[in-house]
Amino acid sequence: MWPWGHLGVAYLLYSIYTHRRFDRPPSALPAIALAIGSQFPDLVDKPLAWTFDVLPGGRTLGHSIFFAIALVSVVYALAIRFDRLEVGTAFVIGHVSHVITDIPPSVLGGDFSGTEYLLWPVVEQPPEEPVGGILDAILTYYALGPYEIVQFGLFAAAAIVWYRDGMPGLGYVRSLLARGRGTKAES
């Protein structure tokens, strides 16, 4: 799945969660944590595999359920420690939805090849064609077909829901950027 597909699915799930659990749209910091969590497996695996050649593939460590279990434990421990349970929950929803939505659609037809990443390193990852970095990987691995069109639709739906939710996180990021520019101008 493309990054915007992961973000779209994660936001839709989290928005439903906050509306049902708290009867309100997502808040700013949890929405930002959600966005980071929705990309986190790729932020771990893709550079380490495709740029630094440390991992055997772009879906290994960060996509493994073993890593997810450890990560969820650490995130919740920190969230409880710093009284940020909603932020931790948002990150976890983003991360877990990413791992699940990377399961290939062929699984619905009974073909479980391509799911080995879930049990990495216990189950060996099928070999990937070598790539010369992230840009080469994008050009090598990604095509535009019906599955990708659905992802654009999910992202568009999430963008509409995010807008209707009051664009949580946007004002916070803008204020951080404005503060950063103000600090640089003063120095």
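Everything below is about the structure shown above.
Described in the following lines is the structure provided in the data block. (Residues numbered from 1 in each chain as written. Predicted model: local features only at pLDDT ≥ 70, side-chain atom pairs only at ≥ 80, totals over all residues. Heavy atoms only, no water.)

**Quick notes on the packing of aromatic side chains**
To keep things clear, this is the line we draw: Side-chain rings of Phe, Tyr and Trp, where Trp is taken by its six-membered ring, are said to pair if the distance between their centres is within 6.5 Å; with planes under 30 degrees apart they count as stacked, over 60 as edge-to-face, and otherwise as tilted. Going along the chain from the N terminus, every DSSP run of H or I of four or more residues is numbered as a helix, and every run of E of two or more is numbered as a strand. Type-normalised accessible area, obtained with a 1.4 Å probe on protein chains alone, sets the label of each residue: buried when under 20%, exposed when over 50%, and partly exposed for intermediate values.
Here the structure, examined in full by the defined rule, presents 5 aromatic pairs. Plain terms: the ring middles of Trp4 and Phe152 are 5.5 Å apart, the flat faces sit at 15 degrees to each other, and that makes the pair stacked. With Trp4 in helix H1 (residues 3-22) and Phe152 in helix H6 (residues 146-164), this residue pair connects regions lying 148 residues apart in the sequence. For Trp4, a relative accessible area of 28% translates into the label partly exposed. Classification of Phe152 as partly exposed rests on a relative accessible area of 39%. With 6.0 Å between their ring centres and 90 degrees between their planes, Tyr17 and Phe22 make a pair best called edge-to-face. For Tyr17, a relative accessible area of 25% corresponds to the partly exposed category.

**A word on the pattern of salt bridges**
Just so we agree on the cut-off: Whenever a carboxyl oxygen of Asp or Glu lies within 4 Å of a side-chain nitrogen of Lys or Arg, that contact is scored as a salt bridge.
Applying the stated rule across the entire model yields 3 salt bridges. Across the pair Arg24 and Glu86 runs a salt bridge, and its minimum N-O distance is 2.7 Å. On the criterion of sequence distance, the pair formed by Arg24 in the loop between H1 and helix H2 (28-51) and Glu86 in helix H4 (residues 85-101) is long-range, its members being 62 residues apart. Between Arg59 and Asp102 there is a salt bridge, with the nearest N and O atoms lying 3.4 Å from each other. Here the residue Arg59 occupies a position in the loop between H2 and helix H3 (65-81), and Asp102 occupies one in the loop between H4 and helix H5 (134-141), the gap between them amounting to 43 residues. Owing to a relative accessible area of 24%, Arg59 belongs among the partly exposed residues under this scheme. Judged by relative accessible area, which is 2%, Asp102 ranks as buried.

**What about the nonpolar core?**
Side chains of nonpolar character tend, in soluble globular proteins, to be buried together. The test is simple: Among the buried residues, those of types Ala, Val, Leu, Ile, Met, Phe, Trp, Tyr and Cys that are joined through side-chain atoms within 4.5 Å form a nonpolar core.
Judged by nonpolar contacts, the single largest core of 13 residues is most densely connected at Tyr14, Leu34, Val75, Ala90 and Phe91. Elements with a contribution of two residues or more to this core: H1, H2, H3 and H4. In this structure, Ala49, Leu55, Trp120 and Val131 belong to the second largest nonpolar core, which totals 5 residues.

**Structural notes on the packing of H2 against H4**
Threshold: Lines fitted to C-alpha atoms define the axes, with helix axes restricted to the stretch in contact, and inter-axis angles between N-to-C directions lie between 0 and 180 degrees. The cut-offs work like this: below 35 degrees is roughly parallel, past 145 is roughly antiparallel, 65 to 115 is roughly perpendicular, and the gaps in between are oblique. Two helices crossing with the near one rotated counterclockwise from the far one by less than a right angle form a left-handed crossing, whereas a clockwise rotation gives a right-handed crossing. Whether two residues touch is decided by their heavy atoms; if any such pair falls within 4.5 Å, the residues are in contact. By the convention adopted, Pro, Cys, Tyr, Trp, Phe, Met, Ile, Leu, Val and Ala count as nonpolar, Lys, Arg, Asp and Glu as charged, and the other residues, Gly among them, as polar.
Running from amino to carboxyl end, H2 crosses H4 at an angle of 30 degrees, the nearest separation of the two axes being 7 Å. Considering their axes alone, H2 and H4 lie roughly parallel with respect to each other. Crossing angle aside, the handedness with which H2 passes H4 is right-handed. When H2 is examined against H4, the residues Leu29, Pro30, Ala33, Leu34, Ile36, Gly37, Ser38, Gln39, Phe40, Pro41 and Asp42 are found in contact with a partner set consisting of Glu86, Val87, Ala90, Phe91, Ile93, Gly94, His95, His98 and Val99. Here the residues of the contact of H2 with H4 are counted per class, giving 12 nonpolar, 6 polar and 2 charged.

**Quick notes on the packing of H1 against H2**
Contact geometry for H1 and H2: axes closest at 9 Å, N-to-C directions at 140 degrees. Between H1 and H2, the angle falls in the class oblique. Considering only the axes of H1 and H2, their crossing is right-handed. Two secondary-structure elements touch here, H1 through Pro3, His6, Leu7, Ala10, Tyr11 and Tyr14 and H2 through Pro30, Leu34, Ala35, Ser38, Gln39 and Asp42.

**As for the environment of Val131**
Its place among the elements puts Val131 in the loop between H4 and H5. Along the sequence, Val131 and Trp50 sit 81 residues apart, while their C-alpha atoms lie 6.1 Å from each other.

**So, the side chain of Lys46**
For the record, the criterion: Any pair of nitrogen or oxygen atoms within 3.5 Å is treated as a polar contact; in protein, a donor-acceptor pairing is required on top of that, and neighbouring residues in sequence qualify only through side-chain atoms on both sides.
Relative to the helices and strands, Lys46 resides in helix H2. Side-chain polar atoms of Lys46 contact the backbone oxygen of Gly58, separated by 2.8 Å.

Read these as layout, nothing more, since geometry by itself doesn't imply function.
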